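Chain and residue survey
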Amino acid sequence: MFTGIIETIGTIKNIEKEGTNIHFDLESPITAELKIDQSVSHNGVCLTVVAIEGSIYRVTAIDETLKKTSLKNWAIGKKVNIERCMPANGRFDGHIVQGHVDQVGRVEAVSKQDGSWVFDFSFDANSGNVTVEKGSITINGTSLTCFNSKNGRFSVAIIPYTYEFTNFHQLKVGDEVNLEFDVIGKYIQRIIRGYEA
């Protein structure tokens, strides 16, 4: 389980395809603290560390993950938001994040407003996912609060610290992002729908 508070940014150093899987080698400031078999959130996707060599570690994405996330668009040099699992005695500084991406969204607009930034996003509402005004959303692993919440659209405000220390400063109009909707909202939505298949 994660909280959506990004620890650091990693850089993709190598990409290797093996069958339908893709191995990503990343360099990060916390590589020396990682362990093989450890779960780490990468842009909101929970991936397992499978190898470590020096400052580089490797994670593997299976075909299902590649189909449902923006990882299929990753390239060497890309900056990735990284968060390790929350320790049992840790604090919830963000919200409950599972590291299970629900779907991708798209950046529709970016505007600077008196030292902060407003990002507008769209997503396919036919998936059944919803946002709630002032509710939680995870974008590329970052815990944020929605506003302008509409069917298939919402906005978030990004403060300078978040803008600098996550990969939000690299996002531009048209980019895909990983979205994980609020877990409590997803359960309520499922109950309202009567557990439809």
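For the structure, check the block above.
Here the structure is a predicted model, which is why all the values come from computation and not from measurement. (Residues numbered from 1 in each chain as written. Predicted model: local features only at pLDDT ≥ 70, side-chain atom pairs only at ≥ 80, totals over all residues. Heavy atoms only, no water.)

Focus on the sheet that holds strand 3 (residues 39-42)
Pairing in this closed barrel of six strands is antiparallel, and the strands run 1-2-5-4-3-6 around the ring. On average, adjacent strands in this sheet sit at an angle of 45° to one another, irrespective of strand direction. Bridge count for strand 2 (residues 21-27) against strand 5 (residues 56-61) is six bridges, and the pairing is antiparallel. If you follow L26 over to strand 5, its bridge partner there is Y57. (Pairing = 2+ DSSP bridges. Helix = DSSP H or I, 4+ residues; strand = E, 2+ residues; numbered from the N terminus. Axes fitted to C-alpha atoms, helices over the stretch in contact; angles between N-to-C directions.)

Observations regarding the nonpolar core
Counting residues in each nonpolar core, the largest one holds 19 residues, and the members touching the most others are F24, L26, Y57, V59 and L71. Counting only elements with at least two residues in this core, the list comes to strand 2, strand 4 (45-53), strand 5 and strand 6 (79-84). Setting aside chain neighbours within four positions, we find F24 in contact with I12, N14, I15, Y57, R58, V59, A61, L66, L71 and W74. Counting residues in each nonpolar core, the second largest holds 17 residues, with V107, F121, I158 and V177 among its members. (Core = buried A, V, L, I, M, F, W, Y, C linked by side-chain atoms within 4.5 Å. Buried < 20%, exposed > 50% of the residue type's maximum accessible area, 1.4 Å probe, protein only. Contact = heavy atoms within 4.5 Å.)

Structural notes on the pattern of salt bridges
Tallied over the full model, the rule gives 10 salt bridges. Note that D25 and R58 form a salt bridge whose closest N and O atoms lie 2.7 Å from each other. Here the residue D25 occupies a position in strand 2, and R58 occupies one in strand 5, the gap between them amounting to 33 residues. Both residues of the pair, D25 and R58, belong to the buried class. A salt bridge links E176 to K72; the shortest N-O distance between them is 4.0 Å. Residue E176 is found in strand 13 (residues 176-181), and its partner K72 is found in the loop between helix 1 (63-68) and strand 6; the two are separated by 104 residues along the sequence. Classification of E176 by relative accessible area gives partly exposed; the value is 26%. What emerges from the salt-bridge pattern is a single network uniting E7, E33 and R84. (Salt bridge = Lys/Arg side-chain N within 4 Å of Asp/Glu carboxyl O.)

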